[in-house]
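# A structural walkthrough
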Amino acid sequence: ARKAIDPKDRLQIGLFLLKESRYSEALTVFRQYIADEPNSPFLDRAYLGAGVTLYQGLGQLTSAYQYFLTVLDLNPDPEIEAQTRRYLDAIQSMQKMQIRRR
């Protein structure tokens with residue numbers, strides 16, 4: 001049934017769920033999009049959405065980092081790339097702070 005919804009609309013649903021702090025549901029939407037639309041020109045946005053959901057909502061930094069790296073592999077547009085690099089930089093900064101505390 002989910003494939004009956006336009007792929008762009010599915011991304012918007014995921015973003016809405018993320019904005020509403022419905023993280024598990026948002027992650028499900030993004031992961032399903034990734035599985036269902038592997039050749040989509042918006043695949044970078046789905047990976048970014050999944051990464052942001054894992055980072056902000058679920059605190060799963062390692063998993064988020066992997067999604068963000070995949071975004072860069074997809075040659076995203078400059079805006080998506082800039083957002084992704086900010087998240088990657090934030091994760092790297094947090095990891096450096098944890099190392100210094102030890």
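Predicted, not measured: the structure shown is a model, and the values here were computed from it. (Residues numbered from 1 in each chain as written. Predicted model: local features only at pLDDT ≥ 70, side-chain atom pairs only at ≥ 80, totals over all residues. Heavy atoms only, no water.)

Compared with an ideal rise of 1.5 Å per residue, which puts 15 residues at 21 Å, helix 3 (residues 43-57) spans 21 Å between its outermost C-alpha atoms and is within 8% of the ideal. Along helix 3, 12 of the 15 residues are buried, which leaves the element largely enclosed by surrounding structure. Along helix 3, the residues that are buried comprise Leu-43, Asp-44, Ala-46, Tyr-47, Leu-48, Gly-49, Ala-50, Gly-51, Val-52, Thr-53, Leu-54 and Tyr-55. Immediately downstream of helix 3, the backbone of Gly-59 shows phi near 65°, a positive value. (Helix = DSSP H or I, 4+ residues; strand = E, 2+ residues; numbered from the N terminus. Expected span 1.5 Å × (residues − 1). Buried < 20%, exposed > 50% of the residue type's maximum accessible area, 1.4 Å probe, protein only.)

To describe two helices that pack against each other, one gives the angle between their axes and the distance between the axes. The N-to-C vectors of helix 3 and helix 4 (residues 61-73) enclose an angle of 160°; their axes lie 8 Å apart at closest approach. Viewed along their axes, helix 3 and helix 4 adopt a mutual orientation that is roughly antiparallel. In this structure, the crossing between helix 3 and helix 4 has a hand that is left-handed. From helix 3, Asp-44, Tyr-47, Leu-48, Ala-50, Gly-51, Val-52, Leu-54 and Tyr-55 reach across to helix 4, where they touch Leu-61, Ser-63, Ala-64, Tyr-67, Phe-68, Thr-70 and Val-71. Its residues assigned to classes, the contact of helix 3 with helix 4 comprises 11 nonpolar, three polar and one charged. (Axes fitted to C-alpha atoms, helices over the stretch in contact; angles between N-to-C directions. Parallel < 35°, antiparallel > 145°, perpendicular 65-115°, else oblique. Left-handed = near helix turned anticlockwise from the far one by under 90°. Contact = heavy atoms within 4.5 Å. Nonpolar A, V, L, I, M, F, W, Y, C, P; charged D, E, K, R; others polar.)

Turning our eyes to something else, we now look at the packing of helix 2 (residues 23-36) against helix 3. Two numbers describe how helix 2 lies on helix 3: the axes approach to 9 Å, and their chain directions differ by 155°. Relative to helix 3, the element helix 2 is oriented roughly antiparallel. Crossing geometry of helix 2 relative to helix 3 is assigned as left-handed. Of the residues in helix 3, those in contact with Tyr-23, Ala-26, Leu-27, Phe-30, Arg-31, Tyr-33 and Ile-34 of helix 2 are Leu-43, Ala-46, Tyr-47, Gly-49, Ala-50, Thr-53, Leu-54 and Gly-57. Residues belonging to the contact of helix 2 with helix 3 are distributed by class as follows: 11 nonpolar, three polar and one charged.

Turning to the side chain of Asp-36, a few remarks are in order. For Asp-36, the location among the structural elements is in helix 2. Of the residues examined, Asp-36 reaches a relative accessible area of 16% and is grouped as buried. Among the polar contacts listed, one links the side chain of Asp-36 to the side chain of Arg-10, at a separation of 2.9 Å. (Polar contact = N/O pair within 3.5 Å; in protein donor to acceptor, adjacent residues only side chain to side chain.)

By size, the foremost hydrophobic cluster in this structure holds 27 residues, and its most contacted members are Leu-48 and Phe-68. Looking at this core, the elements that each hand over two or more residues are helix 1 (7-19), helix 2, helix 3, helix 4 and helix 5 (78-101). Take this core: its biggest share by element is eight residues, from helix 3. Apart from the residues within four sequence positions on either side, Phe-68 is in contact with Leu-48, Gly-51, Val-52, Tyr-55, Thr-84, Tyr-87, Leu-88 and Ile-91. (Core = buried A, V, L, I, M, F, W, Y, C linked by side-chain atoms within 4.5 Å.)

Within the secondary structure layout, Thr-70 lies in helix 4. In this structure the C-alpha to C-alpha distance between Thr-70 and Gly-51, which are 19 residues apart in sequence, comes to 9.6 Å.

As far as function goes, none of this settles anything; it's purely spatial.
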